[in-house]
Structure formats: structure tokens, C-alpha cells
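Structural overview
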Amino acid sequence: VITGTSAAFTAQTEGVEQVAAWRLQMTLPAGPYSDVSLAVDHVSINASTTSDMPEGTRLEVGYPAMSCTFTLSGLVDVTDESKTAGWLFGPYQVSSPLYYKDALYAPVTVDIGLYTDNNAATTLQGTPEYVRKFTGQVDSYVVNDDGSVTFTCIEKMRQQLRGAAQLPALLTCR
Amino acid sequence: VPVSAEYLIDYMLRADTAGAVSSWPTRLLDSLLAVGFRTATLPETGLLLQDYSPTYAPGVFGSALAGGALQGFVRAAQNGPNFGQFTAVEYTLAAPYVLANSGSNSPNMVVEFWTNGDVSTVFPSVVIATAPPLTPDYASSWYKLTVKSTGLEVSSSLPGFTTQVWTTAISSGAHHVSWVMSSNSALGTFAVAVELDGVSHTFATVSAAHGTLAQNYVAVGWSTASPVSTIEALQVTANTGGAPVNFFGATTSYPFAPQAVLNPSLNANLNVIGAVEGDTYSVIQQLVQAELAVAGGDESAVFRFYNRDTISSAQPVRTITSAASLKAIGGAEVAAAGVVNHCTVDWNGWSAAAAATNIYKATDPIRVPRGKTVILKPTLDAPARLYGNVPNGTVGVIADGSLATPAFGARFSTTKAGTATFNANSITRTVVQTASNQLQLTFTNNGSTDCWLVSSSDYLDVPAGTPVLQIAGYTWTADTATVDYQYPPNAASSRFGDQAHQISGDQWIQDLDTATLLAQDIVVDQCTPRPNLTGLSIVPDPRLQTVDVVHIQDPDVTGLDEYARIFGWTLNWDAGSFEMTVDARTLAAPGGWIMGVAGRSEIGSTAYVYPST
């Protein structure tokens, strides 16, 4: 279990009323648009402990595989209505900072927050308390005809350990 | 040797990420020695001299060195540090460090490690020495850092050095300790500082500059036997950073946030590793599969390795009840296909020969031209480990009549025919084991004539000109057997019949105990069907992770009141909706009975009470 959250956070996970927040950040190769939270239309994170045994015979064995899909459909810059997600990630948008570049393997983090202070749901809005729920990289994305962009991300650790396995020479039989 | 899966996972992680993903810090700049002690003494930098059956215990970030034993003789020279008698591990630095330097800003020699446990009566220490243990000079040219509950102590055998003590209380538990020495012959100064958990202390007066001693050896151990503390993540470096202010500007690894959290492995007897296929991640999964553990990245991209004891003994992290947080149960699935009441596990181990033999013998005359270096890389007929269980050594001269005695040895002649004996002092010769079945022999001829590795006419036991180069060691023999476990003892008599599961051909299972426990645990876990609770819709709890155990209660509709381990979760957020579903496997069959608590599984218990079949 992820520890370090407040008692108020725990209380909200056991109640029926939550005020939730998302923070979705990408490190793109160019441009100032690293926090795309306001453009998020949909986020789905899926985690499972993977095993090569049939599901019914599963011990907790194998590796935790995690993936995240999300859709951006709003503005990536709320001060300029031309700065849509489709503009930023569209491969043929010559004014986009990503023109001639792409977002593949861009680091992505997703935080889920709950508003736990007394100002939540008031005009002061409060401050969300975040928990990191995903750290990964963009594996693919689709710029849709309605201007939205759908991303598929895989977890960072799997991506990070793609080098040829090296074992202690002293123990290895060549 | 042998090593555990924990060590191998740590090794592979560090190799693939340059130390970024690891349970101990990445190597410091100008590293001379780096060893994590994750159930092995093999260093990442530096060379292992001896380790004397070390033992391990949980340290700060993973398994750590917890002691060793000598083999019945006094290790330290007379008047040397008593330390040596209980030394667990000894190393040679990757390169000699010359403590004194003629410049005005000499490199600092930095030593750091973490210790965990009680340091009130048995004290962890690190010794830096000019000469190797067991040599006369060892007694007169060492520096030592000792960690005591009353403070940090730096002592030395060098003339004019007064033992320095920084009196500061050191509690039981985890501490980072570092030590820096800087000697400057130009200024005539020798300075020492120590650091505890990031707080440094510089000793005001130490001594005049010491001579240009080349520091080559490191020994790690405790002040007496049976330590109750651990040592891990030891590093020694010629740290070139900074001016001699504020811990001399030296860089240490403190503070450290591990990017890999590793449990001790339940598979700890791996001796020889055959060819592997795949990238680091997939080979790690092979190791994980071999002991039914879990390894991978968590939500924050921290690598986690949980053994099955940790998984099975996990306490519930919360209760999910229909009164407050359980919204729906998708299904409770039970399948006969999930029953395993009979398990066979093949183990593919290696047995080392009890007696040393010559594992390599040159068959042809080898010439080492004058002024040249010759490197031989022979492949052995079978995997082996070197004589004395050391990874490297020096090739000596074999005396007349001693060819049958296993040793690292050769004979040197001036001609191929063995006309006269070549002066062995003129040729440097080392042997290093580079793989379980491969050696590297290096000969450098500093003499004025060519050298041949053949017996000369001065020897009478073999004809002159006979090739003589032999390396001793203990050969490994492949050892294979099968463990067969079933419950009930005649599984075929159960209502499910004989439901067999077979694990074979797994090179990572190398000993009987590992295979037996594995077979037992599989059968105990799976001899009765346990429901999978799928599609549990709950009030979103972002804190929950896979492998967490939760207590699920639905007294009104399904009657569910059970502990279950999460094997999957999904979080969905759309404008206006925020949902979480969880898949979990119950820990006991419905109505299971154990330890006198009806309806409860083995939460918090390591004892098995077999369920009804």
C-alpha cells in the first residue's frame, strides 16, 4: 500500500463522497507544455500481477505490469484557443513545437489527488493531496479526427531494463 | 559463491542502468572498491581476496554482511589490529591509492558504508592497509575506522598517529558512516574527517604528513565474533572533488533513496549459471518465476522484489466493506482447473569436488618474449572454482617433485628445450577466473631473454622441455534430481484426483531445499480451489497496490467476509466519474479453518494447517 497519506485522505477512501483531482505531466522534447492536466478528457490506469500460470492457479508470481491510456481533448494552453491537444501533437502542424519531432517515449507521470482540506468544495477550492499512480513512457498515440489525442503508455521499469542481461562473469558458464 | 537471486537481480539492475536502479548507491567517482554485500562478497569494483564463509542479515536497504568466520587460524600479524582475527572479507583495491600527494590539493581517500544494528559491544570496522593481511607489514601500515555506540574512532599503526575519536552517540539502527583522509606532502599535513548521517567532524590535530604509502588492501569486519550489526554498500574512492573544506569537499552517497527494494531471496544457492536469453527484465522474471516471487516497477518506478514469504505473510492494509466502500462484486470465480495437489520440481544443481585438482594444464610450450606480455584465456573442460575459493591469484614456481600437488604454478626456462631456469623474479604472472569455465593467465616478461613455460634441466621429476603450467581448483559436477510433493499424500484419492504440476528444466533452481519448499508451497496454496473475486467495484483508493491484502466484507448480500490479495486494479477517470475496480484472490477456501480461527486463513502465521480436500 502506498503510505504517507493523511488521515483525511484515508477517510475519503472509505466514504462515499470524494473530490478528486488528476495531475498528468509529460516531458516533451520541445515546447512548454509539460502539465497537460487541464486537457485530460479520460484517464485509465491498469495494473496486474502477471503470471505464466492459468489465472485460476495463480500464486502472486511474476511481475506487476502497468499501463495507462489517456485522452487529451482540451487546450494545452488555456490562454490561447488555438493551442489544442490536436495542434500540439498533430504531426503536420508546422507551428507546433513538436513539428519534426514526436512524443514517443516521452516520460509520463500520473498523480491522483483527493481534496482533503477544509477548503475543498468551497470557493477557495482547497489543495489536493496527490498520490503517484503511474510512471511510464508514451508507447503510442493517435491524433483523432475530432482533435483529441489518445495516448497509450507503458510503465517505466519495463522500458528501462531492455539491455542485454549481464550476469556475474565469475559464475557464468560460457 | 554461492549467490542468491537477490544478488543476481541487484547485479543485473545495476549493470543495465549504470547503478541508477539499485538498492545501494551508484559508484562514486574514481571508485577503487564498491561492494553491496547483497548476500555476496563479490565486488563491483576491486578484487575479492578472501571471504571466510560470510553470513548475511537484513540491513538498511537489503541483505547485508553480518559476520564471517575464520578457518581456525589467526589472520592478523602479531600486534596488528585484533580486527583481523574476525575479518569476514578482504579486498584489493582496483588500483593502488597513494595517500600522500605532491600537489597542493591531493585527492581524498573516501570510505563509506551503511551499518544497521547494535554497535554497543561489537564494533563494525573497515581497515585500509598498505600490505595484505598475513604479511609482516600488515601490522605496521594500516588505518582503521571503527563504529561504536560512543562515537567514531580512527586509529592507525603509522608512527605519530594518535587515535582520533569523535564522541557522538550512535544509536542502534541504520546509520551512514563515511571517512576521508587527505595527506599532502608538499604542505606537510595529514588530515582526517568522519561523517555520520551527513554530519561531518574534522579532527583538529592529527599528525604530520605520512610517507607516500600506497594503500592497496581493505578488510571489513567486526571487533569480535558474533556481531549484531550489519555492513553494506561499502565504497572506497580516490575522491578528487573539491578543496579541503567541509569534509574536504568529498562527495559521499548520503542521503540515499533506493530505486530498488529487494527482499532476501528464497533461492540462495546458485553456483553456476548457463547461457541466458533475453533482456534484463525477462531474465529477472526467470529468477522470479523460479521462486514464485514478484518483481517489477511500482507506481513511482521503484523496482520491488517481494519473496513469497513476504507476500504470504502480508497483513491486511484495510477493510473494504459494503457499508462504506464496496460498491459491487463482479464475480466470485472458482475453477477445478486451479487445483494443484501434486507438484514435481526438477532441480539442476552443481556439486564442487571436495578435493582440489589441477583444472588446467598447459599441453604445449608457451613462449613469453622478453619485454612482452602474453595473455592466455583457456576454457576449462568443466565449470570450476579456483583453489582457495579465490577469484584471482599469483602463479608460483612449482618445486621439483611437486607437480602432483594442486597449486597455481609453472616452471620457467630460458629455452624451449629447458636448457636453463629462467629467473622467475623477472616475470610477473597472475591468474584470474573470468567465468566459471574460463581463466585468464597473464605473463609479463621483464627479463633480458625470452621465457618458456617449460621445466628446465634443473628439475628431475620430468624431462627438460616438458610444458609446466597448471592451475588448481575445484571442479563443479552437475547434479540433478526431482522433488515430488503431493497433498493429500495420495493425491489421486482426493475428490479432484491427481492434479499434477511440473516444473522442469529451470536452471535457476539448483538445490534440494529450494525445490522442496517450492513444491510444498505450490501444493499448499493450490490443493483446494480458492475463489478469485473479480471486478470488485470500490470507492477509489489510490493507495492500493497489487499484492496488497485487503479484508472484504459484504454481510448483507453475498455473505462475503474474507481476506484477499490484490492481483489487479483499474482506475478510470472521466469527466464526472471516478471509478476503481479490483481483482483479488482469497487467501483461504470458504469456511477455511486455521489456527483455531474459523473462516480465516494463515494471516500472520507461518504454520500450515492443511485444508480439507
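The following refers to the structure shown. Here the structure is a predicted model, which is why all the values come from computation and not from measurement.

1. Brief notes about the sheet that holds strand E20 (residues 303–306) of chain B
Residue and element names in this part refer to chain B.
- Overall, mixed pairing links the three strands, which are arranged E18-E20-E19 in an open sheet. Taken across any chain shown, the strands that pair with only one partner, and hence form the sheet edges, are strand E18 (260–262) and strand E19 (294–297). Along the sheet, successive strands turn relative to each other by an average axial angle of 5°, direction set aside.
- Both E18 and E20 contribute to a ladder of three bridges, which runs parallel. Paired with Ala260 across the two strands is Phe303, which belongs to E20.

2. A closer look at helix H4 (residues 512–526) of chain B
Residue and element names in this part refer to chain B.
- An ideal rise of 1.5 Å per residue puts 21 Å on 15 residues; H4 measures up with 21 Å between its terminal C-alpha atoms.
- When we look at burial in H4, the residues that qualify are Thr514, Ala515, Leu518, Ala519, Asp521, Ile522, Val523, Val524, Asp525 and Gln526.
- Where H4 is buried, its residues meet helix H2 (280–290), helix H3 (308–312), strand E24 (342–352), strand E35 (469–486), strand E36 (500–503) and strand E40 (577–586).
- Its side-chain oxygen at 3.4 Å from the backbone nitrogen of Asp513, Asp511 defines the N-terminal cap of H4.

3. Focus on the nonpolar core
- Counting residues in each nonpolar core, the largest one holds 88 residues, and the members touching the most others are Leu8(B), Trp179(B), Val218(B), Leu234(B) and Phe303(B).
- Dropping the residues within four chain positions of it, Val218(B) is found in contact with Leu33(B), Val89(B), Glu90(B), Tyr91(B), Leu93(B), Val126(B), Val127(B), Ile128(B), Leu234(B) and Val236(B).
- By size, the runner-up hydrophobic cluster in this structure holds 54 residues, among which are Ile2(A), Val36(A), Ile45(A) and Cys153(A).

4. Overview of the packing of helix H1 (residues 5–17) of chain B against H2(B)
Residues and elements named next belong to chain B.
- Viewed as axis vectors pointing N to C, H1 and H2 meet at an angle of 175°, and their least axial separation amounts to 10 Å. On the basis of the axis angle, H1 is roughly antiparallel to H2. The residues of H2 that touch H1, namely those facing Ala5, Leu8, Ile9, Met12, Leu13 and Asp16, are Thr280, Val283, Ile284 and Leu287.
- Here the contact of H1 with H2 is composed, by residue class, of eight nonpolar, one polar and one charged.

5. Things to note about the interface of chain B and chain A
- In this complex, chain B contributes 84 residues to the contact, which on the side of chain A involves 62 residues.
- Of the roughly 6,400 Å² buried where chain B meets chain A, counting both sides, 60% is carbon and sulfur surface.
- Interface area lost by chain B to chain A is led by Tyr281(B), Arg543(B) and Trp573(B), which between them contribute 13%.
- The tally of links from chain B across to chain A stands at three salt bridges.
- Of the charged contacts in the structure, one is a salt bridge between Asp279(B) and Arg158(A), with a shortest N-O distance of 3.0 Å.
- Looking at the side of chain B that touches chain A, the element that brings in the most residues is strand E39 (residues 560–574) of chain B, giving ten residues.
- Grouping the amino acids of the side of chain B that touches chain A by side-chain chemistry returns 46 nonpolar, 25 polar and 13 charged.

6. Description of the sheet that holds strand E29 (residues 392–394) of chain B
Residue and element names in this part refer to chain B.
- What the four strands build is an open sheet, ordered E27-E33-E32-E29; its pairing is antiparallel. The open sheet terminates on both sides in strands that have one partner only, identified here as strand E27 (373–376) and E29. Taking each pair of neighbouring strands and ignoring which way they run, the sheet shows an average axis angle of 15°.

7. Re the pattern of salt bridges
- In this structure the tally under the stated criterion is 18 salt bridges over all chains.
- A salt bridge links Arg27(B) to Glu44(B), with the nearest nitrogen and oxygen atoms 3.1 Å apart. Taken together, the residues Arg27(B) in the loop between H1 and strand E1 (31–35) and Glu44(B) in the loop between E1 and strand E2 (47–50) connect sequence positions 17 residues apart.
- Classification of Arg27(B) as partly exposed rests on a relative accessible area of 44%.
- Shared partners join several salt bridges into a network, and the residues in it are Arg23(A), Asp111(A) and Arg132(A).

The rules behind these values
- Residues numbered from 1 in each chain as written.
- Chains lettered and ligands numbered in written order.
- Predicted model: local features only at pLDDT ≥ 70, side-chain atom pairs only at ≥ 80, totals over all residues.
- Heavy atoms only, no water.
- Pairing = 2+ DSSP bridges.
- Helix = DSSP H or I, 4+ residues; strand = E, 2+ residues; numbered from the N terminus.
- Axes fitted to C-alpha atoms, helices over the stretch in contact; angles between N-to-C directions.
- Expected span 1.5 Å × (residues − 1).
- Buried < 20%, exposed > 50% of the residue type's maximum accessible area, 1.4 Å probe, protein only.
- Contact = heavy atoms within 4.5 Å.
- Polar contact = N/O pair within 3.5 Å; in protein donor to acceptor, adjacent residues only side chain to side chain.
- Core = buried A, V, L, I, M, F, W, Y, C linked by side-chain atoms within 4.5 Å.
- Parallel < 35°, antiparallel > 145°, perpendicular 65-115°, else oblique.
- Nonpolar A, V, L, I, M, F, W, Y, C, P; charged D, E, K, R; others polar.
- Buried area = accessible area lost by both parts, 1.4 Å probe.
- Salt bridge = Lys/Arg side-chain N within 4 Å of Asp/Glu carboxyl O.

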